[in-house]
Amino acid sequence: VKLRTELRRALEREEFLLYYQPKVELRTEKVVGAEALLRWNRGGEIVPPIKFIPLLEESELIHEVGEWVVREACRQAQEWRSKGIELSIAVNVSPLQMKVPLFAESFMMLIFGCGEGSGSIEVEITESAVMEDVERMIEILKILTVRGIRTYIDDFGTGYSSLAYLKKLPVYALKIDREFVKGIPQDEDNLEIVKATVNIAKSFGLKTVAEGVETREQAEILKELGCDYAQGYYFGKPVPPEEFESYIR
Ligand code: G
Ligand code: G
Ligand code: MN
Ligand code: NA
């Protein structure tokens, strides 16, 4: 209603912005990438995505905003590269965006149109989005993978994928939902879930990213379990690009 009109204006007035959260390689403790997370600067108040992404999705604006996210991530990757900061940037893609015919082809054209080769932009798709239409998602993921885009299954463990599909999914990595990382190592159930997920991923040749890592102890344990990457407040919260840059330096 009113908020919807405001959101359309927000796009025109360039009130959307991307925050960045570091992704760390556990083995080396190096920041290898960043996840781009959408925010809305509504007259100085920073609005989180849960407050407006559902509205963008209802109003079809998600397509335009989704394109803006990719172009902005490309621009940021180029700016950072020119400053000697080499990072991959992962963007989140709504299941509605992927329902558009030729999504993968359009996505690649968008990136190349920004003068960005593949390799620096990555894609995150939630497990539940994948499970909505597995066969189509496999085709999309195949195209992105062949073109050199690393793809991630987000919120893994919450979306009921079957092992049969997991074997067929052409993705780079599973992002273990932070619900399962919470409370480890004291939470033994979660610890077992994380262990099992890392091992299943390994047997299918997939990398793993642990989300929601909040302590040094958790980072150490995940590394010992063979988890490849981690994100979470222990390494860094999502922050505006300038802050991310000073964090990297
Ligand atoms: O930044 P925060 O942790 O509040 O993000 C909450 C959720 O919002 C994330 O899990 C992510 O799935 C979603 N989200 C963040 N940015 C984007 C975006 O650019 N596009 C889409 N579709 N979802 C996003
Ligand atoms: O679902 P997705 O992973 O895309 O969204 C990330 C969300 O999780 C963001 O809203 C971010 O603020 C939040 N987040 C990231 N790291 C942590 C963490 O270590 N602890 C908690 N509680 N939330 C986190
Ligand atoms: Mn994500
Ligand atoms: Na998540």
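What you are looking at is a predicted structure, and each value in this text was computed from that prediction instead of being measured.

Break down the overall build of the chain for me, citing the residues and quoting the values.
Per the secondary structure count, the chain includes 12 helices and 9 strands. Here the C-alpha atoms of the chain give a radius of gyration of 18 Å, agreeing with the 18 Å that 2.2 N^0.38 yields for 249 residues. On the principal axes, the C-alpha backbone points of the chain span a range of 50 × 40 × 35 Å. Within the chain, contacts between residues at least 6 apart in sequence are counted, and of these 64% link residues at least 24 apart.

Break down the pairing of strand S4 (residues 88-92) for me, citing the residues and quoting the values.
In this structure, strand S2 (residues 30-42) lies alongside S4, joined through 3 bridges in parallel fashion. If you follow Gly33 over to S4, its bridge partner there is Ser88. When S4 meets strand S5 (residues 121-126), the two strands line up parallel, connected through 4 bridges. Note that in S5 the partner of Val91 across the bridge is Val123.

Which residues make up the packing of helix H1 (residues 2-12) against helix H3 (residues 61-82), and what values go with them?
At their nearest, the axes of H1 and H3 sit 11 Å apart, and the two run at 25° to each other. In terms of their interaxial angle, H1 and H3 are classed as roughly parallel. Here the hand of the crossing between H1 and H3 comes out left-handed. Taking contact as the criterion, the partners of Leu7, Arg8 and Leu11 in H1 are, on H3, Leu61, Glu64, Val65 and Trp68. Here the residues of the contact of H1 with H3 are counted per class, giving 5 nonpolar, no polar and 2 charged.

Which residues make up the site of ligand 1, and what values go with them?
Around ligand 1, the surrounding shell consists of Leu37, Leu38, Pro48, Pro49, Ile50, Ile53, Val69, Asn92, Val93, Ser94 and Pro238. By residue class, the composition of the shell around ligand 1 is 9 nonpolar, 2 polar and no charged.

Mind laying out the pairing of S2, listing which residues take part and the relevant values?
Where strand S1 (residues 16-25) lies against S2, 10 bridges are found, and the strand directions are antiparallel. Residue pairing in the sheet places Tyr20 in a bridge with Ala36 of S2. Here S1 folds back onto S2 in antiparallel fashion, the turn holding 4 residues, of which Glu29 has a positive phi close to 60°. As judged from the 3 bridges shared by S2 and strand S3 (residues 45-47), these two strands associate in the antiparallel manner.

I'd like to hear about the site of ligand 2, residue by residue, with values.
Of all residues adjacent to ligand 2, which total 14 residues, the nearest are Gly212, Glu214, Gly232, Tyr233 and Pro238. Split into classes, the residues belonging to the shell around ligand 2 amount to 4 nonpolar, 5 polar and 5 charged.

For the nonpolar core, give the residues involved together with the corresponding values.
In a soluble, globular protein the nonpolar side chains are often hidden away together inside. Within the largest apolar cluster, 62 residues are counted, with the highest numbers of intra-cluster contacts made by Ala36, Ala73, Val91 and Ala230. Examining the composition of this core, we find that 8 residues originate from one element, H3, more than from any other.

Go over the environment of Glu6, please, and point to the residues and values.
Topologically, Glu6 is positioned in helix H1. Here the alpha-carbon distance between Glu6 and Leu174, two residues 168 residues apart in the chain, equals 35 Å.

Describe the environment of Ile85, naming the residues involved and giving the relevant values.
On the secondary structure map, Ile85 appears in the loop between H3 and S4. Of the residues examined, Ile85 has 16 C-beta atoms within 10 Å and is grouped as partly exposed. Dropping the residues within four chain positions of it, Ile85 is found in contact with Trp80, Glu245 and Ile248.

Mind laying out unusual backbone geometry, listing which residues take part and the relevant values?
Here the residue pair Ile184 and Pro185 is connected by a cis peptide bond, since its omega of 5° sits within 30 degrees of zero. Considering the arrangement of structural elements, one finds Pro185 in the loop between helix H9 (178-181) and helix H10 (188-203). Even without being glycine, Glu14 reaches a positive phi, approximately 55°. A positive phi angle, close to 60°, is found at Glu29, a residue other than glycine. A residue is classified by how many C-beta atoms lie within 10 Å of it, and Glu29, with 11 of them, is exposed.

Thresholds, definitions, all that
- Residues numbered from 1 in each chain as written.
- Chains lettered and ligands numbered in written order.
- Predicted model: local features only at pLDDT ≥ 70, side-chain atom pairs only at ≥ 80, totals over all residues.
- Helix = DSSP H or I, 4+ residues; strand = E, 2+ residues; numbered from the N terminus.
- Rg over C-alpha atoms; globule rule 2.2 N^0.38 Å.
- Contact = placed C-beta atoms within 7 Å.
- Pairing = 2+ DSSP bridges.
- Axes fitted to C-alpha atoms, helices over the stretch in contact; angles between N-to-C directions.
- Parallel < 35°, antiparallel > 145°, perpendicular 65-115°, else oblique.
- Left-handed = near helix turned anticlockwise from the far one by under 90°.
- Nonpolar A, V, L, I, M, F, W, Y, C, P; charged D, E, K, R; others polar.
- Near = placed C-beta within 6 Å.
- Core = buried A, V, L, I, M, F, W, Y, C linked by C-beta atoms within 7 Å.
- Buried ≥ 20, exposed ≤ 12 C-beta atoms within 10 Å, placed from the backbone.

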